[in-house]
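A structural walkthrough
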2 protein chains.
Amino acid sequence: MPRQVDHDSRRRTIAEAVCALADRDGLEGVTLRDVAEEAGVSMGAVQRCFRTKDEMLVFALTHVSEQVAARIRRAHGLGRVAAEIALLTEGHRAQARVWLAFAARAAVSPPLAAVLRAHYAEAHALLTRLIQATGDDGPDAAGDAAERARTLLALADGLTAHVLIGHLTPHAAQAVLDHHLATAPAR
Amino acid sequence: MPRQVDHDSRRRTIAEAVCALADRDGLEGVTLRDVAEEAGVSMGAVQRCFRTKDEMLVFALTHVSEQVAARIRRAHGLGRVAAEIALLTEGHRAQARVWLAFAARAAVSPPLAAVLRAHYAEAHALLTRLIQATGDDGPDAAGDAAERARTLLALADGLTAHVLIGHLTPHAAQAVLDHHLATAPAR
DNA sequence: TGGGTTGCGATGCGCATGCATCGGAATAAT
DNA sequence: ATTATTCCGATGCATGCGCATCGCAACCCA
């Protein structure tokens, strides 16, 4: 075995193993042993990369947040961006489940909440920019755009949850999102 | 000890202990021992009331769902109902955390998902009725009302999550909700 | 009043968990 | 080539878990 190992790439590998397990069984099904097996490394390696389990979870959440953020930045147009945030397509279902699992734990875990807040702050900023660019000017264009961004962000997350729970089909959720975007006024 | 015990009331007591713990430490902090202690009964009593832990969790979720549903039915006006669903006030924070915890687990637990779906179906029906009553008639008034209800429900849940995570203050979330209700068109 | 029955509280069991430890293998330096 | 250093895989440990078991206490009924 090499004396020098690329720790960063290994951390990413482990983070994706965490996500795979969280997708399958929820965050409570994530154990160090299972993570190690899923990642194809030994438990010792996992422990070397992360001092504690919480540290591993925080890294994993940061990792998936960055993945989502990257996709969001790559998307063009308010509608596309909103759809990416809502994680409605089948291919993003896993990330959606991971997001929901982490969101629930964040409600009782300040470190995880901090990561999510940063993620939301960035998403909100991007949405605000896009909404302002659509040019619905008013007496308080900036404030209105920020408000509309908050609405859109919350709507997208709510739709994600409703799809995961099975209350809405992905198609119905997409329709709600489209309809909202088509009709939401600036004020 | 009495040979006959009111099992239903004891089940409710236990369900509220589950909620208290889930509020404090999340659903993963809910153990049979802690639930028994919180409820002021012995572990054996908990096991007598519920054959298994999952059965207890399903009952607890049903219990809190009914509490929320009762408050929703008691509220008057679309705005009040939506606010109740969003669980934004400080007094309902505990129920909000419990809801988020259960929602996350429901994504990987069909029995819990079934309970939540029933809850959402009822809430959606109520919101649809209220929206239709506001009298925004159109070419497809019924369909529009249902669509608007889906939007409002998802928005309310998203706002709940964002408050719990700390991305929004309860006040800001309420403002988003009010603004949405004040400006959302029928089509 | 005394069984019979029912409910329950305490205890035990097997197992899984997170974390700590340690011996050895694989390189880099000399 | 040898040594020294770095890394890691396996194992051990204490704890906490859900669930099963069992003996005792309390009530209904005769």
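About the thresholds
Residues numbered from 1 in each chain as written. Chains lettered and ligands numbered in written order. Predicted model: local features only at pLDDT ≥ 70, side-chain atom pairs only at ≥ 80, totals over all residues. Heavy atoms only, no water. Helix = DSSP H or I, 4+ residues; strand = E, 2+ residues; numbered from the N terminus. Buried < 20%, exposed > 50% of the residue type's maximum accessible area, 1.4 Å probe, protein only. Contact = heavy atoms within 4.5 Å. Areas by Shrake-Rupley, 256 points an atom, 1.4 Å probe, with all protein chains shown as cover. Lys, Arg positive; Asp, Glu negative; His and termini not counted. Charge placed at Lys NZ, Arg CZ, Asp CG, Glu CD. Least-squares fit on C-alpha atoms with pLDDT ≥ 70 in both. Core = buried A, V, L, I, M, F, W, Y, C linked by side-chain atoms within 4.5 Å. Expected span 1.5 Å × (residues − 1). UniProt positions renumbered as here; feature names shortened; annotations may be inferred. Polar contact = N/O pair within 3.5 Å; in protein donor to acceptor, adjacent residues only side chain to side chain. Salt bridge = Lys/Arg side-chain N within 4 Å of Asp/Glu carboxyl O. Buried area = accessible area lost by both parts, 1.4 Å probe. Axes fitted to C-alpha atoms, helices over the stretch in contact; angles between N-to-C directions. Parallel < 35°, antiparallel > 145°, perpendicular 65-115°, else oblique. Left-handed = near helix turned anticlockwise from the far one by under 90°. Nonpolar A, V, L, I, M, F, W, Y, C, P; charged D, E, K, R; others polar.

**A word on the overall build of chain A**
- Along its length, chain A carries nine helices and zero strands.
- Starting at the N terminus and walking to the C terminus, you meet the elements of chain A as α-α-α-α-α-α-α-α-α.
- Counting only C-alpha atoms, chain A reaches 65 × 35 × 30 Å along its principal axes.
- Per-residue burial over chain A gives 51% buried out of 187 residues.
- Residue pairs at least 24 apart in sequence account for 64% of intrachain contacts in chain A once pairs closer than 6 positions are excluded.
- Working note: accessible area of chain A is about 8,700 Å², and carbon and sulfur atoms make up 50% of it.
- Positive and negative side-chain charges in chain A, numbering 21 and 22 respectively, have mean positions lying 5 Å apart.

**Remarks on the relation of the copies chain A and chain B**
- Least-squares fitting of chain A to chain B yields an RMSD of 0.0 Å, with the transformation described by 0.0 Å of translation along the axis and a rotation of 180°. Taken together, the rotation and translation relating the two chain copies correspond to the operation of a two-fold axis.
- Mapped onto chain B, 100% of the interface residues of chain A again fall at the interface, so both copies present the same surface.

**Quick look at unusual backbone geometry**
All names here are of chain A.
- In the Ramachandran plot, Leu87 falls in the positive-phi region, its phi being about 55° despite a non-glycine side chain.
- Along the chain, the position of Leu87 falls in the loop between helix H5 (78-86) and helix H6 (93-106).
- Judged by relative accessible area, which is 5%, Leu87 ranks as buried.

**Regarding the nonpolar core**
- By size, the foremost hydrophobic cluster in this structure holds 128 residues, and its most contacted members are Ile14(A), Val30(A), Met56(A), Ile14(B), Val30(B) and Met56(B).
- With sequence-adjacent residues up to four places away left out, Val30(A) is seen in contact with Val18(A), Leu21(A), Ala22(A), Val35(A), Lys53(A), Met56(A) and Leu57(A).

**Points about helix H1 (residues 7-25) of chain B**
Residues and elements named next belong to chain B.
- Over its 19 residues, H1 runs 27 Å from end to end, which matches the ideal 27 Å to within 8%, given 1.5 Å per residue.
- What H1 keeps buried is the set Ile14, Ala15, Ala17, Val18, Cys19, Leu21, Ala22 and Asp23.
- For H1, the elements touching its buried residues are helix H2 (32-39), helix H3 (43-49), helix H4 (53-74) and helix H6 (93-106).
- Following H1 by one or two positions, Gly26 has its phi on the positive side, about 85°.

**Things to note about the UniProt feature "domain: HTH tetR-type" (unreviewed entry) in chain A**
- Under the local residue numbering, the UniProt record ascribes the feature "domain: HTH tetR-type" (unreviewed entry) to residues 8-68 of chain A.
- Helix and strand shares over residues 8-68 of chain A are 80% and 0% respectively, and the end C-alpha atoms of the span are 19 Å apart.

**Section: the side chain of His162(A)**
- The residue His162(A) is located in helix H8 (residues 141-165) in this model.
- Engagement of the side chain of His162(A) in a polar contact is seen with the side chain of Asp157(B), the distance being 2.6 Å.
- Ignoring anything within four residues of it in the chain, the contact list for His162(A) reads His167(A), Leu168(A), Tyr120(B), Leu153(B), Ala154(B) and Asp157(B).

**As for the pattern of salt bridges**
- Scanning all chains against the criterion turns up 16 salt bridges over all chains.
- A salt bridge links Arg73(A) to Glu122(A); the shortest N-O distance between them is 3.0 Å. Note that Arg73(A) is positioned in helix H4 (residues 53-74) and Glu122(A) in helix H7 (residues 110-133), a separation of 49 residues in sequence.
- We note a salt bridge from Glu28(B) to Arg105(A), for which the minimum N-O separation is 3.1 Å.

**Some thoughts on the interface of chain A and chain B**
- With 42 residues of chain A at the interface, the matching set in chain B holds 42 residues.
- Approximately 3,500 Å² of surface area, both sides summed, lies buried where chain A meets chain B, with 72% of it carried by carbon and sulfur atoms.
- Summed over the shared surface of chain A and chain B, the result is eight residue pairs in polar contact (both at pLDDT 80 or more).
- Only helix H1 (7-25), H6, H7, H8 and helix H9 (170-183) of chain A provide two or more residues apiece to the side of chain A that touches chain B.
- For the side of chain A that touches chain B, the element with the most residues is H8(A), which contributes 12 residues.

**A closer look at the packing of H6(B) against helix H7 (residues 110-133) of chain B**
Residue and element names in this part refer to chain B.
- Packing of H6 against H7 leaves a shortest axis separation of 8 Å and a crossing angle of 120°. Regarding the angle of H6 to H7, the classification is oblique. At the point where H6 passes H7, the crossing takes the left-handed sense. Contact residues: Trp99, Phe102, Ala103, Arg105 and Ala106 in H6; Leu112, Ala113, Leu116 and Tyr120 in H7.
- Grouping the constituent residues of the contact of H6 with H7 by class yields eight nonpolar, no polar and one charged.

**Concerning the packing of H6(B) against helix H8 (residues 141-165) of chain B**
Residue and element names in this part refer to chain B.
- In the contact formed by H6 and H8, the axes pass within 10 Å of each other and the chain directions differ by 105°. The orientation of H6 relative to H8 falls into the category roughly perpendicular. On the side of H6, the interface is formed by Arg93, Ala96, Arg97, Trp99 and Leu100, while H8 contributes Asp157, Thr160, Val163 and Leu164.
- Of the residues belonging to the contact of H6 with H8, the class tally is five nonpolar, one polar and three charged.

**Examining the environment of Val163(A)**
Residue and element names in this part refer to chain A.
- Residue placement: Val163 occurs in helix H8.
- Through-space distance from the C-alpha of Val163 to that of Pro139 is 37 Å; in sequence the pair is 24 residues apart.
- Setting aside chain neighbours within four positions, we find Val163 in contact with Leu88, Arg93, Leu168, Thr169, Pro170 and Ala173.

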